[in-house]
Amino acid sequence: MNQKIADRVSSALPGCEVEVTVEGNRALIEVVSQAFAGLSRVQRHQAVYRCVEDLIADGALHAVTIRANVPPQRS
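For the structure given in this document, a descriptive report is provided here. All figures in this text were calculated on a predicted structure; none of them were measured in a lab.

What counts, and at which threshold
Residues numbered from 1 in each chain as written. Predicted model: local features only at pLDDT ≥ 70, side-chain atom pairs only at ≥ 80, totals over all residues. Heavy atoms only, no water. Helix = DSSP H or I, 4+ residues; strand = E, 2+ residues; numbered from the N terminus. Rg over C-alpha atoms; globule rule 2.2 N^0.38 Å. Buried < 20%, exposed > 50% of the residue type's maximum accessible area, 1.4 Å probe, protein only. Contact = heavy atoms within 4.5 Å. Areas by Shrake-Rupley, 256 points an atom, 1.4 Å probe, with all protein chains shown as cover. Lys, Arg positive; Asp, Glu negative; His and termini not counted. Charge placed at Lys NZ, Arg CZ, Asp CG, Glu CD. Arc of directions from axis to C-beta. Pairing = 2+ DSSP bridges. Salt bridge = Lys/Arg side-chain N within 4 Å of Asp/Glu carboxyl O. Axes fitted to C-alpha atoms, helices over the stretch in contact; angles between N-to-C directions. Core = buried A, V, L, I, M, F, W, Y, C linked by side-chain atoms within 4.5 Å.

**Re the overall build of the chain**
And then number 1: A tally of regular secondary structure across the chain gives three helices and three strands.
And then number 2: Of the regular secondary structure in the chain, the N- to C-terminal order runs α-β-β-α-α-β.
And then number 3: In terms of overall dimensions, the chain is globule-like: its C-alpha atoms have a radius of gyration of 12 Å, near the 11 Å expected for 75 residues.
And then number 4: In terms of overall dimensions, the chain has a C-alpha envelope of 45 × 20 × 20 Å along the principal axes.
And then number 5: Residue burial in the chain is summarised as follows: out of 75 residues, 27% are buried.
And then number 6: Intrachain contacts of the chain at a sequence separation of at least 6 include 49% that bridge at least 24 residues.
And then number 7: Surface accessibility of the chain: about 4,900 Å² in total, with carbon and sulfur atoms responsible for 46%.
And then number 8: The distance from the centre of the 8 positive side-chain charges to the centre of the 8 negative ones in the chain is 6 Å.

**Structural notes on helix α1 (residues 2-12)**
And then number 1: Taken together, the buried positions of α1 are occupied by Ile5, Ala6 and Val9. When α1 is viewed along its axis, its buried side chains cluster within an angular range of 100° and face the same direction. Facing away from the buried side of α1 by over 90 degrees, the exposed positions are Gln3 and Ser11.

**Comments concerning the pairing of strand β1 (residues 17-23)**
In regular strands, side chains alternate between the two faces of the sheet.
And then number 1: Judged from the seven bridges that link them, β1 and strand β2 (residues 26-32) form a sheet pairing that is antiparallel. Bridge assignment links Val22 to a residue of β2, and that residue is Ala27.
And then number 2: Linking β1 to β2, which pair antiparallel, is a turn of two residues; within it Gly24 sits at a positive phi near 65°.

**Considerations on the pattern of salt bridges**
And then number 1: Enumeration according to the criterion identifies two salt bridges in this entry.
And then number 2: Residue Asp54 is joined to Arg8 by a salt bridge in which the shortest nitrogen-to-oxygen separation is 2.5 Å. Of the two residues, Asp54 sits in helix α3 (residues 53-57) while Arg8 sits in helix α1, which places them 46 residues apart along the sequence.
And then number 3: With a relative accessible area of 38%, Asp54 lands in the partly exposed category.
And then number 4: For the salt bridge of Arg67 with Glu30, the shortest nitrogen-to-oxygen distance reads 3.2 Å.

**What about the sheet that holds strand β3 (residues 63-69)?**
And then number 1: An order of β1-β2-β3 is seen for the three strands of this open sheet, with the pairing classed as mixed. Every other strand in the sheet has two partners, leaving β1 and β3 as the edge strands with one partner each. Between one strand axis and the next, the sheet turns by 10° as a mean value, whatever way the strands run.
And then number 2: The sheet contacts of helix α2 (residues 41-49) involve β2 and β3, and relative to β3 the element is tilted by about 125°.

**Considerations on the nonpolar core**
And then number 1: The biggest cluster of nonpolar side chains holds 18 residues, and the ones touching the most others in it are Ile5, Val9, Ile29, Val31 and Val48.
And then number 2: Put simply, the parts of the chain that give this core at least two residues each are α1, β2, α2 and β3.
And then number 3: Those residues in contact with Ile5 that lie beyond four places of it in its chain are Val20, Val22, Ala27, Ile29, Val52, Leu55 and Leu61.

Below you can see the structure in the form of C-alpha cells.
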C-alpha cells in the first residue's frame, strides 16, 4: 500500500519527494513539491487527497494525515 500511494502522488506531482507510512488503515503522506508554490495549505492538501480519495471511499484507508510543503529556498 505504501508504494501504491507513493506512486499515485508521484504521478500527480512529478518531481516531488514523497514518503508514505501506512499502519493498518491509517496513512501519513509527506510530500515536498515545487508544485505547491503559491498554493494555500488547504489547496496543497486537496492535491494530495485527490490521489487517495478512492481508497478512502472504498474503506482501504480510514484516516489520512497529509504534510504537504514547498521545498526550502536555496541561497
